[in-house]
Amino acid sequence: MLDHGTGIVIGETARLGHECTFLHGVTLDGTGNAIGDRHPKIGNHVLIGANVSVLGNIKVGDNSKIGAGIVESDSGLLRRLLGGLRGEASPGVIWIRV
């Protein structure tokens, strides 16, 4: 579901799971540093809040929620912030428990 679908960008190699919700201003795109498969992979039942940017070839796990205003790239800032707090992380994959 695209809630208030204004400003949503989904890159050409991005994959979206079933029953996902994206709020306005979501960007699923590449970083500009890669060729080929360069966009995010979004799992099933994922909620992505307003103005979130997920950049690069990374995976967002099933049943995840990403709060408004987060910027995550394949450099792993969000994974480092969440490791040991509310989520678990491994290279290239984000799981946020709800």
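Residues numbered from 1 in each chain as written. Predicted model: local features only at pLDDT ≥ 70, side-chain atom pairs only at ≥ 80, totals over all residues. Heavy atoms only, no water.

Asks: In this structure, what is going on with unusual backbone geometry? I would like to understand it.
Replies: As a rule of thumb, non-glycine residues mostly have phi less than zero, and peptide bonds are mostly trans rather than cis. Here H45, not a glycine, exhibits a phi torsion of approximately 60 degrees, which is positive. Note that H45 resides in the loop between strand 5 (41-42) and strand 6 (47-48). You can call H45 partly exposed: its relative accessible area is 40%. We note that N51 has phi near 60 degrees; this positive angle belongs to a residue other than glycine. Following the sequence through the fold, N51 ends up in the loop between strand 6 and strand 7 (53-55). (Helix = DSSP H or I, 4+ residues; strand = E, 2+ residues; numbered from the N terminus. Buried < 20%, exposed > 50% of the residue type's maximum accessible area, 1.4 Å probe, protein only.)

Asks: What am I meant to see in the environment of G32 here?
Replies: The residue G32 is located in the loop between strand 4 (27-29) and strand 5 in this model. In this structure the C-alpha to C-alpha distance between G32 and L55, which are 23 residues apart in sequence, comes to 9.2 Å.

Asks: I would appreciate a short explanation of the sheet that holds strand 3 (residues 21-22) in the present structure.
Replies: As a general point, the strands of a sheet are linked pairwise by backbone hydrogen bonds and lie either parallel or antiparallel. Strands sit in the order 3-6-9 across an open sheet of 3 strands; the sheet is parallel. If you trace the sheet from one side to the other, it starts and ends with strand 3 and strand 9 (65-66), each paired once. Pairing of strand 6 with strand 9, which is carried by 2 bridges, proceeds in the parallel orientation. Across the sheet, I48 pairs through a bridge with I66, a residue of strand 9. (Pairing = 2+ DSSP bridges.)

Asks: What am I meant to see in the confidence of the model for the chain here?
Replies: It should be kept in mind that the predicted coordinates are not to be read in detail where pLDDT is low. Scored by pLDDT, the chain has a mean of 77; 73% of the residues are at 70 or more. Of all secondary-structure elements in the chain, the lowest mean pLDDT belongs to strand 11 (residues 87-90), at 44, while strand 2 (residues 15-16) reaches the highest, 95. (pLDDT = per-residue confidence, 0-100.)

Asks: Whenever I open this one, the side chain of S64 confuses me. Can you help?
Replies: Along the chain, S64 falls in the loop between strand 8 (59-60) and strand 9. A distance of 2.7 Å separates a polar side-chain atom of S64 from the backbone oxygen of G61. (Polar contact = N/O pair within 3.5 Å; in protein donor to acceptor, adjacent residues only side chain to side chain.)

Asks: Would you mind showing me how to read the pattern of salt bridges here?
Replies: Pairing between side chains of opposite charge can happen when the charged atoms of each approach one another. Per the stated rule, a full pass over the model turns up 3 salt bridges. Linking D37 and R15 is a salt bridge whose minimum nitrogen-to-oxygen distance equals 3.8 Å. One end of the pair, D37, is in the loop between strand 4 and strand 5; the other, R15, is in strand 2, and 22 residues separate them in sequence. Residue classification places D37 among the partly exposed positions, given a relative accessible area of 36%. Taken together, the shared-partner salt bridges connect R15, D37 and K41 into one network. (Salt bridge = Lys/Arg side-chain N within 4 Å of Asp/Glu carboxyl O.)

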